[in-house]
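Examining the three-dimensional arrangement
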Amino acid sequence: MVVTCPKCGTAINRKEWDEVKNKWKEGDKITNVHPPTTIQSKLKTYADLLNKMEMMDRYTWLMDFGKKSATVPERFKLPEFEVPGCQSQTWLVPHFTYEDTIYFTADSAALISKGMVCMLADVFSNSTRSDIASFEEKSLDDLNLDVLLTPGRRNGVYSMLKVIQGHGSRKD
């Protein structure tokens, strides 16, 4: 199970979270609470989690993840943030930092889509533009989307990825 850090919103798998909590109880000094935060490591965390589940549990987890994720404020639900090619209205809002990293907030009108877009937003958040732009689409294969999603929803996920990578390749 993946839990979300209440302080920064980063996804951490339950085992790692329990280890961190145990160290706190033991009084050990903790310098880094979160696992490595590369795109690939976060994607692997989600892939490992989803691939251990039965198919119906994956759908349930995605919908629960969508329900528990923050909603995008109405003022950001604008056409320029809407993801084209999704079966339901879906928004990806980039937040650029001075350190050349990008954070994403995401929302969707459908729970499965919201779960997917929020998962992708987490995977790519706190990454540099160049890391996002150089991400290879085939890396999503570890999520086994061909088994998990209908072709229409799968196309929507790849549209989400194109939007994310478009923000990563922006020069402004």
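Owing to the predicted nature of the structure, the values given are computational and were not obtained by experimental measurement. (Residues numbered from 1 in each chain as written. Predicted model: local features only at pLDDT ≥ 70, side-chain atom pairs only at ≥ 80, totals over all residues. Heavy atoms only, no water.)

1. A look at the overall build of the chain
For the chain, the helix and strand inventory stands at 7 helices and 5 strands. With 172 residues in all, the chain has 45% of them scored as buried. When the accessible surface of the chain is summed, it comes to about 9,700 Å², and 52% of that surface belongs to carbon and sulfur atoms. (Helix = DSSP H or I, 4+ residues; strand = E, 2+ residues; numbered from the N terminus. Buried < 20%, exposed > 50% of the residue type's maximum accessible area, 1.4 Å probe, protein only. Areas by Shrake-Rupley, 256 points an atom, 1.4 Å probe, with all protein chains shown as cover.)

2. Some details on the pairing of strand β4 (residues 101-108)
Both faces of the sheet carry side chains from a regular strand, because those side chains alternate between them. Buried residues dominate β4, accounting for 6 of its 8 residues. In terms of strand pairing, strand β3 (residues 90-96) meets β4 through 7 bridges, oriented antiparallel. When the bridges of β4 are listed, threonine 90 appears paired with serine 108. Remark: 4 residues form the turn of the hairpin made by β3 and β4, two consecutive strands paired antiparallel; aspartate 100 in that turn has positive phi of roughly 65°. One ladder, built from 2 bridges, connects β4 with strand β5 (residues 127-128); its direction is antiparallel. (Pairing = 2+ DSSP bridges.)

3. A word on the sheet that holds β4
Strands belonging to one sheet form pairs held by backbone hydrogen bonds; the direction of such a pair is parallel or antiparallel. Spatially, the 3 strands line up as an open sheet ordered β3-β4-β5, and their pairing is antiparallel. If you trace the sheet from one side to the other, it starts and ends with β3 and β5, each paired once. Its contacts with the sheet place helix α7 (residues 151-168) against β3 and β4, and it is angled at close to 20° to β3. (Contact = heavy atoms within 4.5 Å. Axes fitted to C-alpha atoms, helices over the stretch in contact; angles between N-to-C directions.)

4. Topic: the packing of aromatic side chains
With the rule as written, the count across this model stands at 5 aromatic pairs. Here the aromatic cluster, defined as three or more aromatic residues joined through ring pairs, consists of Tyr46, Trp61 and Phe65. (Phe/Tyr/Trp six-rings, centres within 6.5 Å; stacked < 30°, edge-to-face > 60°.)

5. Observations regarding the confidence of the model for the chain
Mean pLDDT over the chain stands at 82; residues scoring 70 or higher make up 78%. Mean pLDDT values over the elements of the chain span from 52, in helix α1 (residues 14-26), up to 94, in β3. In the predicted structure, residues 23-34 sits below a pLDDT of 50 and forms 13 contacts with residues beyond four places in sequence or in another chain. (pLDDT = per-residue confidence, 0-100.)

6. Concerning the environment of serine 134
Mapped onto the elements of the fold, serine 134 is located in the loop between α5 (129-133) and α6 (145-148). For the pair serine 134 and glycine 168, spaced 34 residues apart in the sequence, the C-alpha separation amounts to 8.6 Å. Separated by 3.3 Å, the side chain of serine 134 and the backbone oxygen of aspartate 131 make a polar contact. (Polar contact = N/O pair within 3.5 Å; in protein donor to acceptor, adjacent residues only side chain to side chain.)

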